[in-house]
Structure formats: C-alpha cells, structure tokens
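Next come the chains, spelled out residue by residue.
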Amino acid sequence: MLDGNGFAGASESWLRIADGVIAEISEKPISSKAARTIDLKGRTLMPGLIDCHVHVTAITVDPGRTAMLPDVTVAFGAARIMKQMLMRGFTTVRDVGGATRPLAQAEEAGQIEGPRLVFCGKSLSQTGGHSDYRGFVDNRRAESQTYRLGAMGRVCDGIDAVRHSARDEIRQGAQFIKAMANGGVSSPTDPINFQQFSISELEAIVEEAANAQTYVSAHLYTDEAISRAVRCGVRSVEHANLIEPATARLMKERGAIACPTLVAYEALHKNAKALGLPDVSVAKLDDVRLRSRGSLEILQKAGATMALGTDLLGELHKYQSDEFTIRAEVLPPIEVIRSTTCYAAELLRMTGKVGSLQVGVFADLIAVDGDPLENMSLLGGQGDHLSLIVRAGRVVKNTIDDNGCP
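Here the structure is a predicted model, which means the values were calculated and not measured. (Residues numbered from 1 in each chain as written. Predicted model: local features only at pLDDT ≥ 70, side-chain atom pairs only at ≥ 80, totals over all residues. Heavy atoms only, no water.)

1. A few points about the packing of aromatic side chains
Here is step 1 of the chain: Enumeration according to the criterion identifies three aromatic pairs in this entry.
Here is step 2 of the chain: In this structure, Arg94 packs its charged tip against the face of Phe176, placed 5.1 Å from the ring centre.
Here is step 3 of the chain: Over the aromatic face of Phe362 sits the side chain of Arg116, whose NZ or CZ is 4.2 Å from the ring centroid. (Phe/Tyr/Trp six-rings, centres within 6.5 Å; stacked < 30°, edge-to-face > 60°. Lys NZ or Arg CZ within 6 Å of the ring centre and 35° of its normal.)

2. Describing empty space enclosed by the protein
Here is step 1 of the chain: Taken as a whole and assessed by the stated rule, the structure comprises three cavities of 30 Å³ or more.
Here is step 2 of the chain: Looking at the largest cavity, its volume works out to about 70 Å³.
Here is step 3 of the chain: Forming the walls of the largest cavity are Ser131, Asp132, Tyr133, Arg134, Arg141, Ala142, Ser144, Gln145, Thr146, Gly153, Arg154 and Val155.
Here is step 4 of the chain: Tallied by class, the residues present in the lining of the largest cavity amount to three nonpolar, five polar and four charged. (1 Å grid on protein atoms, 1.4 Å probe; cavity = no way out; pocket = protein on both sides within 12 Å on 5 of 7 lines; lining within 4 Å. Points joined across faces, edges and corners; volume = space filled by probe spheres on them. Nonpolar A, V, L, I, M, F, W, Y, C, P; charged D, E, K, R; others polar.)

3. With respect to the packing of helix H8 (residues 262–275) against helix H9 (residues 279–289)
Here is step 1 of the chain: Contact geometry of H8 with H9 gives a least axis separation of 10 Å together with a crossing angle of 140°. For the element pair H8 and H9, the recorded crossing hand is left-handed. Of the residues in H9, those in contact with Tyr265, Glu266, Leu268, His269 and Ala272 of H8 are Val282, Leu285, Asp286, Val288 and Arg289. (Axes fitted to C-alpha atoms, helices over the stretch in contact; angles between N-to-C directions. Helix = DSSP H or I, 4+ residues; strand = E, 2+ residues; numbered from the N terminus. Left-handed = near helix turned anticlockwise from the far one by under 90°. Contact = heavy atoms within 4.5 Å.)

4. Concerning the sheet that holds strand E3 (residues 44–47)
Here is step 1 of the chain: Pairing within the open sheet is antiparallel, and its four strands lie in the order E3-E13-E14-E15. At either margin of the open sheet sits one strand with a lone partner, and together these are E3 and strand E15 (394–398). Taken pair by pair, the neighbouring strands of this sheet meet at an average axis angle of 15°, ignoring direction.
Here is step 2 of the chain: With four bridges joining them, strand E13 (residues 365–368) and strand E14 (residues 386–391) adopt antiparallel strand pairing. Directly across from Leu365, in E14, lies its bridge partner Val390. (Pairing = 2+ DSSP bridges.)

5. With respect to the nonpolar core
Here is step 1 of the chain: Counting residues in hydrophobic clusters, the biggest one holds 95 residues, and the most contacted among them are Val56, Met251 and Leu379.
Here is step 2 of the chain: Cys52, Val118, Ala345 and Leu348 belong to the second-largest nonpolar core, a separate cluster that totals 16 residues. (Core = buried A, V, L, I, M, F, W, Y, C linked by side-chain atoms within 4.5 Å. Buried < 20%, exposed > 50% of the residue type's maximum accessible area, 1.4 Å probe, protein only.)

This is the structure:
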C-alpha cells in the first residue's frame, strides 16, 4: 500500500470496501463471506489519482473555437475526455474553468463515466483578459459566451460586476471561484506579464468566495502577480512558473497552495507546428515553459505545498499522466505521489474523503503493476500499468481476474 499520508512499503495488508467507502484496513487477513476477493500480490495499491487543474469541456486546443460550439457537441466531447481520465487512474478532478453543475450531476448519476468532478463554473476574466478570446478585431459582446458550455470563462469589469459574477457562479453550484489574474498563452490580446483585475477587484472576488465558505483559485505566472494575488487572499495559485523565492515563502506563510501544470507546456511545445500555433503563442509559451522546472525547486525549497495539475486541451489530454515523470525529474518520488493524493485532497478541501487509504474515505483505488516510487512511468501513458481501477467502490477496470467485474 502506498499512501502519501503514511502508508509506504512492502508489508502485507488487507483492505475491505463496503458501501462505496473503505470499511476496514488490517495487517491480518480479513474474513468476509459476503465480499469478493481480489489478490493484488506483486502490485501497489494506491488511492485514486487527483488532477487539480483540468478543463474537461476543452474539446479542442483552441478555447475561442470551443466556446462557439453547440453545447451538445461539447457535452459529448467532455464525456469522452472524462472517461479517458478515469481510465488513466484519475478518480477525482478539479475543473478550473468550463464545467458546470449539470455535467457533474450527470457523472454522479452514472449517465456518463468519469472522475468525481469538482468545478468552479466559468472563470472570471477582465475585458482583454485570459478568458476573453475575442481577439483584436472581434467586437461581439462579451456576454455572448457567458452561458455557453464550451466557454472557459465570463468577462466582468469593476467591483460590482466581479461581485455579481462570483455570486452568479456560486448560485449555479460553483464549489470555488477562479479568477484570471495574469496574462496567458492561449488568449490573443494579453502578454504574459499583464496583471489582470485591480487589487480592489481581486479583494472583492476573495470576499465573495469567503462569504460562500469557499476559496479563490487564480491563473498566475509572474512573480509580481502571484505576490499581489496571495496578499489579496487567493488560496490556490495555478501554474506559478515565474515565481521567485520570496514569493514562494509568502505562499508558505499565507497557506496558499501551488498547482503547477508542467505537462501543458511540454505538450504544446512538442505539438506546436502540428497544431498551427501562431508565433505569438509560441513565444509566450517559451516565456513560461523554460522556467517551469525551476519553479518546482523554488516552491519545494520554501516548503510550499504543491498539488498536481495538467491544464491540457483538446487532443493534448492524452499527455495527462506525463506530469508524473516530468515532476520526478525535479522532486523526490514520494512528493510527486503526495501531490496527486494528500496534497491534492488538501487543496480540494476534501481531506478525509479522497486522496488517502483510511477507513471512511471514498473507495477510490488503483492497483499499479509495480512500485511507482521506483519507476514513476508506471503511472504514465493511458493507464497501461493499472490493472485495477475502483471509483467509489465500483470496479471500472480489472485485468486481474474475470470474477464478475469488467
């Protein structure tokens, strides 16, 4: 059993599942006439993986194009993406811009098969910000995309407008609020170093989230923007590629959690020509890609908590599990495991529900054909080395035996 909270090693263990949760863990055999038994000898049992930065409605690599697609097209595409994530061993994901409550409800009801979906609804963006994909000569009203399933975000300017937008997303079921507080790679009119939203606007967004007993996640790259956002009360720092040591220490001091997404830049760089990325996007991509591994070292040295995220779009979703091997180039393997288990659960405010092997926790489990601490690539690919995947007590993949399970 491998659990970043404490379990690690080769000692024999037994685990019993009942009613969708872990009911019992023992170092001695568990006797149960009612239970079916799966022998995982030679394998490593882990909690289901957690990805804290996804966009399940990003069915193409062009967010502007996706935003204009019919909702039904996006919904069917999202269902396919979610099923593929589940088969890679991800049993919980946090969508940080795009997914809505009906999509999460469809998964909960079994209408689509995928990970447990934690979502913010639409991210909040200023005019010309990272969720405004209208471009230089597109003068459609910004509201034209606010309620489309394929849109990652909604545009709002001014304290009253950001308060309304935050409240409106919470009304629609958002479990946290996402703010675009820095320039981005894919958005057409904002260089990376643009700071977005005023301090007063960010503080208003944080206040509205706090009033609703939740938190703010923010898209952030530059050191100055990260520092400003954390001082405004932002809890979840997405990306953080250009962070400096003092700001990493500030994050540690304020209890902010980083969610780096290194695989997104590597996948885009690898496929830039095939995807036809414009030169301006390629240049912005390298601005953040070349510093991404160094950001892990800075955050690790400061003692800041890092959860795992991927931030992939369209056909690049297939690279999701490469995040593990990329991080393992910089971080100790156990820290990579913690980033997708206990640290991720902490970021989601779901400690004690997901991300661990403890009695009472959701029975989200994967069995790995080997030891990921010795070979992180066992978590890579498309779940090729996962012989068992269990989501809330239901077996969704089983290549170990054929005793009544798929």
